[in-house]
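Structural features, examined
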Amino acid sequence: MGNADQEKLVMLPFLGETKAGNDPRKENYLQMLKYTCCPSITIKSFLVLVTIFELIIFLLEVMQKGYTKNSELLAPVGGSILKYGSGEAYLIKYEFQLWRLITPIFLHASLMHVCSNAIFQIIFGISVEQRLGTVKTIIFYLTTGIAGNLLSAVWIGARGVGASTSIFGLLGSQVAYVILNWKAFVIPEMGREKYLFSIVIIVLYCTLQGLKSPSTDNAGHLGGLLSGMFLSLALFESYRKEKYEKVLRILGIIFMLIFFIGGFYLLFNVSVPHRLPPIQE
């Protein structure tokens, strides 16, 4: 493989293509953060715009009815979150409020919740947007978020909010990208195996942290992760046109069809969610 090809394929872990020609001695602090964390970020990026949108929605949640005085910093009153569209299986199934599979993506339960999700989705997502383009990234972000909320509604049925379903989809996309470009993937001093292993470690860490917290929607995370992996196999273009790419693409499409058809069937024909008690203001 020539030097030009190698430079095209060199990737910073999780982040995107390197920017050749940047002189680190001439960078200020903000430029350093940009090149280190999100080398291709712009204010017009979908993930930047959706992050700003989610921060605005959070402020509206707090302003609507104030915030609760508990251990969470600036946690909006529960009634406000429910009004804006938190996930709840009973309302989705028996009152056909299907928008509650979408709206939880943009809602958050505390200042720490929205800020941590904002940081993670930009760091893990900008490289995905760079590979897919804006339109496909919008489809990807919403689809993986809906998939996570659907699995959560079938499995748990509790009220849930947060962009973490889509964020786990972005993590799943990183895994799919390595698998799809296995023969072409080049990372000096790291290797594709270590790159893939580091992604798995992050997923496991987030999962273990979620298991320690009863309020964490682990079913939503799992749905986002799996849908992100298989949807990426269907959407990504590989650097090399390998024979196994077509097989993986078909596998991704089949999985997504089974996931959504099976998920909606289970929700409306098998699961029996209970009406949750009203939220005390």
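Computed from a predicted model, the values in this text were never measured in an experiment.

**As for the overall build of the protein**
Summing up its helical and strand segments, the protein has eleven helices and four strands in all. In the protein, which comprises 281 residues, the share counted as buried stands at 45%. Restricting the contact set of the protein to residue pairs at least 6 apart, pairs at least 24 apart contribute 72%. Put simply, the protein shows about 14,800 Å² of open surface, and 68% of that area lies on carbon and sulfur atoms.

**Details of the environment of Phe46**
For Phe46, the location among the structural elements is in helix α3 (residues 46-65). Given a relative accessible area of 13%, Phe46 falls into the buried group. Sequence spacing of Phe46 and Thr134 is 88 residues, and the spatial spacing of their C-alpha atoms is 6.3 Å. Setting aside its immediate chain neighbours within four residues, Phe46 contacts Glu129, Thr134, Thr137, Ile138 and Tyr141.

**Examining the packing of aromatic side chains**
As enumerated under the stated definition, the model contains eleven aromatic pairs in all. Ring geometry for Phe96 against Phe268: centres 5.9 Å apart, planes inclined by 55°, an arrangement best described as tilted. Of the two residues, Phe96 sits in the loop between α5 (89-94) and α6 (111-132) while Phe268 sits in helix α11 (residues 243-269), which places them 172 residues apart along the sequence. Judged by relative accessible area, which is 53%, Phe96 ranks as exposed. Overall, the relative accessible area of 25% leaves Phe268 in the partly exposed class. Judged by centre distance (6.4 Å) and plane angle (15°), the rings of Phe264 and Phe268 are stacked. Note that Phe264 and Phe268 are positioned in helix α11 at a spacing of four residues, about one turn of the helix.

**Structural notes on the confidence of the model for the protein**
For the protein, per-residue confidence averages 81 on the pLDDT scale, and 76% of positions sit at 70 or higher. The lowest-confidence element of the protein is strand β1 (residues 11-12), averaging 39 in pLDDT; the highest-confidence one is helix α7 (residues 134-155), averaging 96. Taken as a whole, residues 1-21 scores under 50 in pLDDT and shows 46 contacts with residues more than four places along the chain or in a different chain.

**Comments concerning the nonpolar core**
If you look at soluble globular proteins, the nonpolar side chains tend to sit buried side by side. Within the largest apolar cluster, 24 residues are counted, with the highest numbers of intra-cluster contacts made by Leu132, Phe140, Leu171, Ile199, Val203 and Leu233. Ranked by residues supplied to this core, first place goes to helix α8 (residues 164-180) with eight residues. If we skip the residues at most four places from it in the chain, Phe140 touches Leu132, Gly169, Leu170, Ser173, Gly228, Leu231, Ser232 and Leu235.

**What about α8?**
Taking 1.5 Å as the rise per residue, α8 with 17 residues should run 24 Å; its terminal C-alpha atoms sit 24 Å apart, in good agreement. For α8, a buried count of 16 out of 17 residues is recorded, marking the element as mostly surrounded by other parts of the structure.

**Some words on a nonpolar patch on the surface**
The grouping of Ile43, Leu49, Ile52, Ile56, Leu59, Leu60 and Met63 at the surface amounts to a nonpolar patch, some 680 Å² of accessible area in total. Tracing the sequence through the fold places Met63 in helix α3. Taking relative accessible area as the criterion, Met63 reaches 66% and is therefore assigned exposed.

**A few points about the pattern of salt bridges**
A full pass over the atoms with the stated rule returns three salt bridges. Measuring nitrogen to oxygen at the nearest pair gives 2.8 Å for the salt bridge that ties Glu88 to Arg159. Of this pair, Glu88 sits in the loop between α4 (78-84) and α5 while Arg159 sits in the loop between α7 and α8, placing them 71 residues apart in sequence. A salt bridge links Glu245 to Arg249; the shortest N-O distance between them is 2.6 Å. On the criterion of helical spacing, the pair formed by Glu245 and Arg249 is a turn pair, its members being four residues apart in helix α11. In this structure Glu245 comes out as buried when scored by relative accessible area, which is 6%.

**With respect to α6**
With 22 residues, α6 should reach 32 Å at 1.5 Å per residue; the first-to-last C-alpha distance of 30 Å fits that figure. Gly125 marks where α6 bends most, by close to 40°. By the burial criterion, the buried members of α6 are Val114, Asn117, Ala118, Gln121, Ile122, Phe124, Gly125, Ile126, Ser127, Val128, Glu129 and Leu132.

**A closer look at the environment of Asn269**
With respect to the helices, strands and loops of the structure, Asn269 is situated in helix α11. The exposure class assigned to Asn269 is exposed, which follows from its relative accessible area of 52%. Taking the C-alpha atoms as reference, Asn269 lies 9.4 Å from Lys93; in sequence the two are 176 residues apart.

Cut-off values and rules
- Residues numbered from 1 in each chain as written.
- Predicted model: local features only at pLDDT ≥ 70, side-chain atom pairs only at ≥ 80, totals over all residues.
- Heavy atoms only, no water.
- Helix = DSSP H or I, 4+ residues; strand = E, 2+ residues; numbered from the N terminus.
- Buried < 20%, exposed > 50% of the residue type's maximum accessible area, 1.4 Å probe, protein only.
- Contact = heavy atoms within 4.5 Å.
- Areas by Shrake-Rupley, 256 points an atom, 1.4 Å probe, with all protein chains shown as cover.
- Phe/Tyr/Trp six-rings, centres within 6.5 Å; stacked < 30°, edge-to-face > 60°.
- pLDDT = per-residue confidence, 0-100.
- Core = buried A, V, L, I, M, F, W, Y, C linked by side-chain atoms within 4.5 Å.
- Expected span 1.5 Å × (residues − 1).
- Patch = residues over 30% accessible without salt bridge, like charges linked within 9 Å, V, L, I, M, F, W, Y side chains within 5 Å.
- Salt bridge = Lys/Arg side-chain N within 4 Å of Asp/Glu carboxyl O.
- Bend = angle between axes of the 7 residues up to and from the residue.

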